[in-house]
Amino acid sequence: MKYISTRNNKKTYNFIETFLNGLALDGGLYIPKKIPRLSSATLNRLSKLNYNDLAYEIIKIYTGNTFSNNELKKIIKISYKKFNSNNVVKFSRVKKFNLVELYHGPTLAFKDIAMQVIGNMYEVILSKSKNRINLITATSGDTGAAAIDAVKNKKNLRIFVLHPKGKVSAMQRKLMTTVNSKNVFNIAVKGSFDDCQTLVKSMFNDRHFRRSINMSGVNSINWARIVVQIVYYFYSHFRLSERNKRSVFSVPTGNFGDIYAGYIAYKMGLPISKLIIAVNENNLLYKFLKNGIYKPSKVKFSISPSMDIQVASNFERLISSYYNNNSKKISELMNQLTSKGSYKIDKIILKKIRNIFYSKSINAENTKKTIKLVYQYNHKILDPHTSVGLKALEEYYLNNIKKSENLFCLETAHPAKFGETIYKILRKNPVISGEISKNLKKKEFFKVLPNNLNKIKNYIRANRLH
Ligand SMILES: *Cc1c(COP(=O)(O)O)cnc(C)c1O
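Attention in this report is confined to the structure presented alongside it. These numbers were taken from a predicted model, which means no experiment stands behind them.

A word on the nonpolar core. One finds Phe234 and Phe357 to be the most contacted residues of the largest nonpolar core, which totals 113 residues. Considering every element that reaches this core, the biggest residue donor is helix α10 (residues 223-240), with 12 residues. Not counting chain neighbours up to four residues away, the residues in contact with phenylalanine 234 comprise Leu38, Leu43, Leu54, Ile58, Ala265, Met268 and Leu270. Ala138, Ile187, Ile309 and Tyr459 belong to the second largest nonpolar core, which has 24 residues in total.

Before going further, it helps to spend a moment on the sheet that holds strand β15 (residues 405-411). Sheet architecture is open: 6 strands sit in the order β4-β5-β15-β10-β11-β14, paired in mixed fashion. Unpaired on one side and paired on the other, β4 (90-94) and β14 (357-361) mark the two borders of the sheet. For this sheet the average axis-to-axis angle between neighbouring strands, irrespective of direction, equals 25°. Pairing analysis gives 4 bridges linking strand β5 (residues 97-101) to β15, with the strands arranged parallel. When the bridges of β15 are listed, leucine 99 appears paired with cysteine 409. Its contacts with the sheet place helix α11 (residues 257-267) against β10 (246-252), β11 (272-279), β14 and β15, and it is angled at close to 170° to β11.

Another point: the pairing of strand β6 (residues 133-138). Of all the 6 residues making up β6, 6 are buried; the element is thus mostly covered by neighbouring parts of the structure. Here β6 shows a buried face lined by Ile133, Leu135 and Thr137 and a second buried face lined by Asn134, Ile136 and Ala138. Looking at chain direction, β6 and strand β7 (residues 157-164) are connected through 6 bridges and run parallel. Within β7, the residue paired with threonine 137 across the bridge is valine 161. Where the polypeptide runs from β6 across helix α6 (residues 142-151) and back to β7, its parallel neighbour, the crossover connection is right-handed. Summarising the sheet, β6 and strand β9 (residues 215-216) pair through 2 bridges and their orientation is parallel. Each residue of the ladder has a partner; that of leucine 135, found in β9, is serine 216.

Read across the sheet, 5 strands follow the order β9-β6-β7-β8-β16 without closing on themselves; strand pairing throughout is parallel. Of all strands in the sheet, those with a lone pairing partner are β9 and β16 (447-450), marking the two edges. Sheet topology note: the β7/strand β8 (residues 184-190) ladder contains 6 bridges and is parallel. Bridging from a neighbouring strand, proline 164 pairs with valine 189 of β8. The strands touched by α6 within the sheet are β6, β7 and β8, with β7 carrying the most contacts at an inclination of about 165°. Across the sheet, helix α8 (residues 193-205) is in contact with β6, β7, β8 and β9; its angle to β6 comes to roughly 150°.

All right, on to the packing of aromatic side chains then. If you walk through the whole model with that rule in mind, you get 27 aromatic pairs. Taking the centre distance of 5.0 Å and the plane angle of 75° together, the rings of tyrosine 358 and tyrosine 396 count as edge-to-face. One end of the pair, tyrosine 358, is in strand β14; the other, tyrosine 396, is in helix α17 (residues 384-399), with 38 residues separating them in the sequence. Owing to a relative accessible area of 1%, tyrosine 396 belongs among the buried residues under this scheme. The ring of tyrosine 56 has lysine 73 sitting right over it, with the charged end atom 4.8 Å from the ring centre. Seen from the ring of phenylalanine 209, lysine 457 lies directly overhead, with NZ or CZ sitting 5.4 Å from the centre.

So, about the site of the ligand. Taken together, 15 residues surround the ligand, and among them Lys111, Asp142, Gly254, Asn255 and Asp258 come closest. In the model, an oxygen atom of the ligand is placed 2.8 Å from a nitrogen or oxygen of the glycine 254 main chain.

Another point: the packing of helix α12 (residues 284-291) against helix α15 (residues 347-356). It is at 8 Å that the axes of α12 and α15 come closest, and there the two elements cross at 120°. The angle between α12 and α15 falls in the class oblique. For the pair α12 and α15, contact is made by Phe288, Leu289, Lys290 and Asn291 and by Leu350, Ile353 and Arg354, respectively. Split by residue class, the contact of α12 with α15 holds 4 nonpolar, 1 polar and 2 charged.

As a further point, take helix α5 (residues 111-129). For α5, with 19 residues, the first-to-last C-alpha span of 27 Å sits near the 27 Å given by 1.5 Å per residue. Where burial is concerned, most of α5 is hidden: 15 out of the 19 residues are buried. Lysine 130 sits one or two residues past α5 and shows a positive phi near 60°.

Scoring rules and cut-offs
Residues numbered from 1 in each chain as written. Predicted model: local features only at pLDDT ≥ 70, side-chain atom pairs only at ≥ 80, totals over all residues. Heavy atoms only, no water. Core = buried A, V, L, I, M, F, W, Y, C linked by side-chain atoms within 4.5 Å. Buried < 20%, exposed > 50% of the residue type's maximum accessible area, 1.4 Å probe, protein only. Helix = DSSP H or I, 4+ residues; strand = E, 2+ residues; numbered from the N terminus. Contact = heavy atoms within 4.5 Å. Pairing = 2+ DSSP bridges. Axes fitted to C-alpha atoms, helices over the stretch in contact; angles between N-to-C directions. Right-handed = clockwise from strand over helix to strand, strands pointing away. Phe/Tyr/Trp six-rings, centres within 6.5 Å; stacked < 30°, edge-to-face > 60°. Lys NZ or Arg CZ within 6 Å of the ring centre and 35° of its normal. Near = heavy atom within 4 Å. Polar contact = N/O pair within 3.5 Å; in protein donor to acceptor, adjacent residues only side chain to side chain. Parallel < 35°, antiparallel > 145°, perpendicular 65-115°, else oblique. Nonpolar A, V, L, I, M, F, W, Y, C, P; charged D, E, K, R; others polar. Expected span 1.5 Å × (residues − 1).

Function cannot be read off these values alone, since they describe shape.
See the structure below:
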């Protein structure tokens, strides 16, 4: 498998390069040169596998000979041993809708599913190459915790996680800051998630800094995260699809990583009829689907904080796909985004995107109402992100009644991660395991820094692994 950058389709890379670099040096994102389409015989064979074996088959396509067969099998096995489910995910049902519970990992959000595998991939790659690296990542709350749990106490690497100070839930913060490990550094930035993401991107784009600290990244821009997330789309369809029906997935969306994995599954031949971009009041992608204009504005803080994002980084990958990886065109659009603050795509392309994507923006009132109703009638507590997804799916369903489709909503977090919000809505505290709640009472470690690139670089330089 060969990879290219969205901004230069001439130069190719292998999996290890995309994995360790995260972001291409030209500022673009890594994408496969060609996405393989699976035959119906292959799909049929894969449909019979358990989660780990399916993960092995799909990840193998993208990692090629980076790992031996046994290495990859072992990486998957130890990654998912910590999960509170034999097959990584579980399913539940609310009315006609299937919920895919993705939060059975150690930090209670879907990000564990990819991050645990990535942590173990780093360990194998670094021990073979005798390399030492410093991971830097920005988090809107869940990526940071998942990344920290995946790499804590591992040799040959350190991790620096930037979170927006005061903008993540108490549980999200504690899952990061109570981890007392020598290789973990939490930075609370006085700013928004977009500020954190901009800081990390600036560090990536500073070649000198990047080389001097041997920097790597695990943000949702890392291709490996996408690859690992493709698996549960296949698994959900294979387990629950009714005869010949195609599947619809509603995905609570922020940085467009999770839903982009669904798009790759679709490109690989999984019978998906719609991907629903479910967003909160940060609705730039909803507007994009209406008018073809991508225009970030100021972040609105909501009750689904992991989706309070105005720069959907992975969207560049989707646009690239619809322009047949024409990297000259993508560079032009991205330059417009930098110089004018927006870009517009061609009508004909927008029409194609709308064939497979649908979007709904769900406000706080409807998010809360959905949580109340589902609790009342189904005795299930939804987290606020999932509530956005389920409400968007319901609206899609009501507007497209004639269609016969399998309806899925990805359940991206355990409600206890947003306990304060849930308590305000239901006057109830979602229950979590005793071990996690015990850990969360431990001392917190983090450094508060201003939204200032140089100050943050200095802190990282002073604490990096040499
Ligand atoms: C990260 C996250 C999202 C958004 O996922 P993207 O890949 O950024 O679109 C949605 N819900 C929860 C709970 C998350 O942690």
